[in-house]
Amino acid sequence: MSRNLTAYRVMAAVVGVLLVVLCLIGVPLANFDGSPMWGVFDSTPAWFATGSDAQHAGDLITTYLGVAHGWLYMIFLFSAFLLSRRAGWDLPFTLVTLACGTVPVLSFWAERRATRRVRAEHPELA
């Protein structure tokens with residue numbers, strides 16, 4: 001189970017960092033030009049001019065990092081689910097752990113929470 005915990009922790013860190021960069025850097029750079037966004041918001045803050053280098057960088061981040069994050073998130077889900085079965089987590093704990101991987105910054109809390117639980121319930125791993 002030690003390998004499962006390590007795989008989960010690595011994937012949680014990678015996915016967490018990518019999600020923070022994607023949501024807190026890429027999306028604002030790409031979309032905060034004062035125009036409507038995703039058909040949901042009438043307008044966004046006008047922080048970056050349309051066609052600027054910053055907006056282009058944001059487009060690249062959201063395009064390429066978004067795809068990478070999506071694929072890596074699937075690996076994260078698999079590693080977290082596998083760890084949950086090996087560690088004997090109950091369904092609510094498992095679902096919260098999986099869902100927290102979709103929320104920027106909260107994924108880091110979920111990783112620490114899961115690691116503490118695994119190490120507490122399986123002292124041979126500590």
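Residue numbers run consecutively from 1 along every chain, following the written order of its sequence. Since the coordinates come from a predicted model, pLDDT governs what is reported: local features require at least 70, and pairs of side-chain atoms require 80 or more to be given and counted, while whole-chain, interface and lining totals use all residues. With hydrogens and water set aside, each side-chain value is computed from the structure's full complement of heavy atoms.

**Student:** Break down helix α3 (residues 91-100) for me, citing the residues and quoting the values.
**Tutor:** For α3, every residue scored as buried is listed here: F93, T94, T97, L98 and C100. For α3, the angular spread of buried residues about the axis comes to 165°, placing them on one side. Away from the buried face of α3 by more than 90 degrees, exposed residues L91 and P92 are located. In what follows, a contact means two residues having at least one pair of non-hydrogen atoms within 4.5 Å. Numbering goes from the N terminus for both helices and strands, where a helix is a DSSP run of H or I of at least four residues and a strand is a run of E of at least two. In this structure, the buried side of α3 is in contact with α1 (2-31), α2 (53-87) and α4 (106-121). A 1.4 Å probe rolled over the protein chains alone gives each residue an accessible area, and that area as a share of the maximum for its type sets the label: buried under 20%, exposed over 50%, partly exposed in between. What the arc covers is the set of directions going from the helix axis to the C-beta atoms.

**Student:** I'd like to hear about the pattern of salt bridges, residue by residue, with values.
**Tutor:** Here a salt bridge means any side-chain nitrogen of Lys or Arg lying within 4 Å of a carboxyl oxygen belonging to Asp or Glu. Overall, the coordinates contain three salt bridges when judged by the stated rule. A salt bridge links R9 to E111; its shortest N-O distance comes to 2.6 Å. Taken together, the positions of R9 in helix α1 and E111 in helix α4 put the pair 102 residues apart, joining distant regions of the chain. A salt bridge links D90 to R117, with the nearest nitrogen and oxygen atoms 3.7 Å apart. One end of the pair, D90, is in the loop between α2 and α3; the other, R117, is in helix α4, and 27 residues separate them in sequence. Residue classification places R117 among the partly exposed positions, given a relative accessible area of 22%. Among the charged side chains, a salt-bridge network with shared partners connects D90, R117 and E121.

**Student:** So what's going on with the environment of T62? Residues and values would help.
**Tutor:** Counting through the fold element by element, T62 comes out in helix α2. Looking at T62, the relative accessible area reads 23%, which means it is partly exposed. Residues T62 and N31 lie 31 residues apart in sequence; the distance between their C-alpha atoms is 10.0 Å. In this view, T62 contacts L22, G26, V27, A30 and V67; residues no more than four positions away in its chain are not counted.

**Student:** Go over the packing of aromatic side chains, please, and point to the residues and values.
**Tutor:** Aromatic pairs are defined between Phe, Tyr and Trp rings, using the six-membered ring for Trp, whenever the two ring centres lie within 6.5 Å; interplanar angles under 30 degrees are classed as stacked, those over 60 as edge-to-face, and all others as tilted. Applying the stated rule across the entire model yields four aromatic pairs. Grouping aromatic residues by their ring pairs yields a cluster made of Y8, Y73 and F76. In this arrangement the basic side chain of R117 is found over the ring face of F93, its NZ or CZ atom lying 4.2 Å from the centre. Whether a charge lies above a ring is judged from NZ of Lys or CZ of Arg, which has to be within 6 Å of the ring centre and within 35 degrees of the ring normal.

**Student:** Residues and numbers for the nonpolar core, please.
**Tutor:** For the purposes of this section, nonpolar cores are sets of buried Ala, Val, Leu, Ile, Met, Phe, Trp, Tyr and Cys residues that join through side-chain atoms within 4.5 Å. Counting 15 residues, the largest nonpolar core has Y8, F76, L83, W89 and V118 as the members making the most contacts within it. Those elements that provide at least two residues to this core are α1, α2, α3 and α4. With sequence-adjacent residues up to four places away left out, Y8 is seen in contact with F76, S79, A80, L83, T97, A110, E111 and A114.

**Student:** Describe the side chain of S107, naming the residues involved and giving the relevant values.
**Tutor:** By the element assignment, S107 lies in helix α4. Judged by its relative accessible area of 5%, S107 is buried. With residues up to four places along the chain from it excluded, the contact list for S107 reads G16, C100 and G101.

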